[in-house]
Amino acid sequence: GLICNQHFESFNIFVSSCQISYIMIEIKCCDRWEAYFRLHELGIVCECKSYQPLRVNVVTALEVIQIWFVVTRLSKSRQELASWLESCLVLHSN
């Protein structure tokens, strides 16, 4: 299974176990459904009930990365995303 002990700052989850099956993601209600549909498009199993956190089935490290990108895109401003991308390009060019 996937081993992970990481706090993802851009969205409110803390994963600390050797076997990850589901994670709960706390994001704004208006963003939750968009995240749900995008994750489904990526083939990631998740469920979204009214007034509940988004529950996502995690099987691989790639899915963790995809979840992080989807939630980060929804939770950060355009300027924050542009700054993050610029910092990636600077690190890559060095």
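In this text the structure is predicted, and so the values were computed from the model without any measurement.

What counts, and at which threshold
Residues numbered from 1 in each chain as written. Predicted model: local features only at pLDDT ≥ 70, side-chain atom pairs only at ≥ 80, totals over all residues. Heavy atoms only, no water. Phe/Tyr/Trp six-rings, centres within 6.5 Å; stacked < 30°, edge-to-face > 60°. Helix = DSSP H or I, 4+ residues; strand = E, 2+ residues; numbered from the N terminus. Buried < 20%, exposed > 50% of the residue type's maximum accessible area, 1.4 Å probe, protein only. Lys, Arg positive; Asp, Glu negative; His and termini not counted. Salt bridge = Lys/Arg side-chain N within 4 Å of Asp/Glu carboxyl O. Contact = heavy atoms within 4.5 Å. Core = buried A, V, L, I, M, F, W, Y, C linked by side-chain atoms within 4.5 Å. Expected span 1.5 Å × (residues − 1). Arc of directions from axis to C-beta.

### Looking at the packing of aromatic side chains
Phase 1: Evaluation of the coordinates by the stated rule reveals 6 aromatic pairs.
Phase 2: Among the aromatic residues, those joined into a ring-pair cluster are Trp33, Tyr36 and Phe37.

### Section: the side chain of glutamate 63
Phase 1: For glutamate 63, the location among the structural elements is in helix H2 (residues 61-75).
Phase 2: Here glutamate 63 occupies a buried position and makes no salt bridge, while the nearest side chain of opposite charge, arginine 55, is found at 13 Å.
Phase 3: Discounting chain neighbours no more than four positions away, the residues touching glutamate 63 are Ile44, Asn57 and Val58.

### Section: the nonpolar core
Phase 1: Counting 17 residues, the largest nonpolar core has Ile25, Leu39, Leu54, Val56 and Ile67 as its most contacted members.
Phase 2: At the level of elements, strand S3 (22-25), helix H1 (29-41), strand S5 (54-57) and H2 are the ones that each hand at least two residues to this core.
Phase 3: The leading source of residues in this core is H2, at 5 residues.
Phase 4: In this structure, valine 56 is in contact with Ser21, Tyr22, Ile23, Ile25, Leu39, Ile44, Val45, Cys46 and Ile67, ignoring residues within four places of it in sequence.

### With respect to the pattern of salt bridges
Phase 1: This model, assessed by the stated rule, comprises 4 salt bridges.
Phase 2: Notably, a salt bridge pairs lysine 28 with aspartate 31, separated by 3.9 Å at the nearest N-O pair.

### Some points on H1
Phase 1: With 13 residues, H1 extends 19 Å between its outermost C-alpha atoms, agreeing within 8% with the 18 Å of an ideal straight helix rising 1.5 Å per residue.
Phase 2: Along H1, the positions that sit buried rather than exposed are Asp31, Arg32, Ala35, Tyr36 and Leu39. The arc enclosing the buried residues of H1, seen along the axis, measures out at 145 degrees, which places them on a common side. Exposed and facing more than 90 degrees away from the buried side of H1 are Cys30, Phe37 and Glu41.
Phase 3: As for H1, its buried residues are in contact with strand S4 (46-47), S5 and H2.
Phase 4: Phi turns positive, to about 85 degrees, at glycine 43, one or two residues after H1.

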